[in-house]
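Coordinate analysis (summary)
Listed here are the chains, written in short residue letters.
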Amino acid sequence: MSHFFSPRPFGIYTTALLLTCGTFAAAAPAPLKAVAVPQTITSPLGHPMSLAFDDEFDAVKDRDGQPYIDRSKWQTTFWQGSSQRTLWGNLEAQYYVDKDYNGEGSIHPEANGTLNPFSFETPGILTISAWKTPKELWGKFYMGEQRPFSSGLLISDKRFSFQYGYMVGRFKLSSNRGAWPAFWILGDDSSKPLEAEAHEWGPEVDAFEFFGHRPTKHSGGIHGRDGDKASFTFGMNEVGIDLTKEFHTWGFEWDKDTCVWTLDGKEWARGNTPASLNRPMYLLLNLAVGGQWYSEEISNQLKTLTKPWEVDETTMPWKMQCDYVRVYRSQDADTQVKEVAAKLRSENNHLTREVWTDVPGTSIAQIPVDKKPNAVMVMREFELPTNIGINFGTRVRGYITAPTTGDYIFWIAGDDNCELRISPTDNAAGSVKCASVSETTGYTGWREWNKTPEQKSAPIHLEAGKRYFIEALQKQDVGGDNLSVGWLKPGETGDKPSEVVPASVLSPYLP
Ligand SMILES: [Ca+2]
Ligand SMILES: [Ca+2]
């Protein structure tokens, strides 16, 4: 379900990760009957684990007394933004709706519940239905002629996420041409508005993706980020049986070292855990319709270039059934989380960047540094991307290790107000302001180093190899935004920095 921010959404034809992909002889599926949920298991990687999350889809009663999805466990759209009800970049042909959906822009009470894709005809089984939206409803919903289908999506974002563990779900899929069900996870900072600045999606792991037109194959994989993207995608796995005939379980487990994919409890692929997967992830399951990947496959088969929404709608409504979704975690998962976080913090070549969102105003004093930041990120050089957003405060902290002994001159440029602080030691408490963007004069343009004299520091003597605490604060109100810190090293001359302070001399803040 990779997103349009990926330059090529699916590197599905590579097998860099895939070590054990082969023909799979499936075990007989378990009978459909209510059984006690195992509270402890031994995971595919051999970890003793306990149940951390589950939904058995026993149709909780909704506000109206009717069975519905458990709202405490799931939301039914992506996060904020225009694409929250579909993934336009994949050319997906469905719009994700729910029983509350009343159309975009204006409310149509008569439409309430009309398109509810979630039902419980079979006790204990969630059915997600995709169908062609009746033409008389098109004008009431934000669905153009090229997105004429409605379907359902469940996301545990802001409700449950986990770092390291085993996710497993039991599904029955349909063989309709154009049906694209999936069970997957996304990095839980993907939902933070400022994360979009990087124009990166993910990380994403697909426990499975499936297309109805090839019912004996499934796929899985990782769309990493922060540089590990290309190496962790893989594709088709021929299993030798029609996966739409019975329920099957798909699982994915990862610990700090290893990722493993399972079908009916048996491993079918494994790989090393990429660096970007060392973070909490939240669950998704959905039934997409059509899309670019489907279109490319079908056009190869049919020798005609079909549109992404040219699916076999004569067989609608399509159904994706789910008996349960469970997540297990090992007793030492939190210890692993701490170990990996400590290792990442100890690595050089970046600064720690904290962001507080929804903070209006232009003054640095308004940054609520005594509160928990909304996001903590990595900053590889002493410069932010431009025009990230509005109403936020940034604190960039860490240490600078001088490459040579001598006098250094620092500059800061930014929008709106910014200041640079440096300490004569590695002690944060001793830091003093050495340069700033004037609160009187206001913002500078990107790398506009000399709008006012306050942007340039006096010469600061640093000793080679010694670590000095350094900190930049930025308060963005509205309009554009930027932040850059540059320097002149000993022996260099000029009226502006020779470079932005590079990653090679930076190391992250250690409280
Ligand atoms: Ca169930
Ligand atoms: Ca601004």
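Along every chain, residues carry numbers that run from 1 in the direction the sequence is written. Written order decides the labels, with chains lettered from A and ligands numbered from 1. Totals for whole chains, interfaces and linings use every residue, but because this is a predicted model, local features are given only for residues with pLDDT of at least 70 and side-chain atom pairs only at 80 or more, for both listing and counting.

**Considering the sheet that holds strand β27 (residues 460-462)**
Two strands form a pair only when DSSP identifies at least two bridges running between them. The numbering of helices and of strands both runs from the N terminus, where a helix is a DSSP run of H or I of at least 4 residues and a strand a run of E of at least 2. Taken in spatial order, the 4 strands make up an open sheet running β27-β24-β29-β30, and their pairing is antiparallel. Only two strands of the sheet have a single partner each, and these edge strands are β27 and β30 (499-500). Across 7 bridges, strand β24 (residues 406-415) lies against strand β29 (residues 482-488) in antiparallel orientation. Following the sheet pairing, Ile 412 is matched in β29 by Val 485.

**Concerning the pairing of strand β18 (residues 266-272)**
Relative to β18, strand β17 (residues 258-263) runs antiparallel, the two sharing 6 bridges. For Val 260, the partnering residue across the bridge sits in β18 and is Arg 270. The antiparallel hairpin formed by β17 and β18 contains 2 residues in its connecting segment, where Asp 264 sits at a positive phi of about 50 degrees.

**Here's the deal with the nonpolar core**
One finds Met 167, Phe 183, Ile 185, Ala 207, Leu 284, Leu 285 and Cys 322 to be the most contacted residues of the largest nonpolar core, which totals 73 residues. With 8 residues, strand β19 (residues 281-289) is the largest single contributor of residues to this core. Think of it this way: build a C-beta for each residue from its backbone, and any pair within 7 Å is a contact. Contacts of Met 167, omitting those with residues within four sequence positions, involve Ile 185, Ala 207, Gly 251, Phe 252, Leu 283 and Val 327. Connectivity within a nonpolar core runs through C-beta atoms within 7 Å, and the core itself is a set of buried Ala, Val, Leu, Ile, Met, Phe, Trp, Tyr and Cys residues. Any residue with 12 or fewer other C-beta atoms within 10 Å of its own C-beta is exposed, any with 20 or more is buried, and the rest are partly exposed; the C-beta atoms used are placed from the backbone. Grouped together as the second largest cluster of nonpolar side chains are 39 residues, Ile 422, Ala 435, Ala 472 and Val 485 included.

**Digging into unusual backbone geometry**
Residues Met 316 and Pro 317 are joined by a peptide bond in cis, for which omega reads 5 degrees. Along the chain, the position of Pro 317 falls in the loop between α2 (292-302) and β20 (318-330). Located in the positive-phi region is Tyr 164, a residue other than glycine, with phi close to 75 degrees. Locating Tyr 164 in the fold gives a position in the loop between β10 (161-162) and β11 (165-172). In this model, Asn 387 sits at a positive phi of 55 degrees, which is unusual for a non-glycine residue. By the element assignment, Asn 387 lies in the loop between β22 (375-379) and β23 (392-401). Residue Asn 387 is classed as partly exposed on the basis of its C-beta count, with 14 C-beta atoms lying within 10 Å.

**Section: the confidence of the model for the protein**
When pLDDT is averaged along the protein, the result is 85, and 83% of the positions lie at 70 or above. Within a predicted model, pLDDT stands for the predictor's per-residue confidence, ranging from 0 to 100. A low-confidence stretch, residues 3-31 stays under pLDDT 50, and its non-local contacts, those more than four residues away or across chains, total 67 contacts. Across residues 193-199, confidence stays below pLDDT 50; counting only partners more than four residues off in sequence or on other chains, it has 15 contacts.

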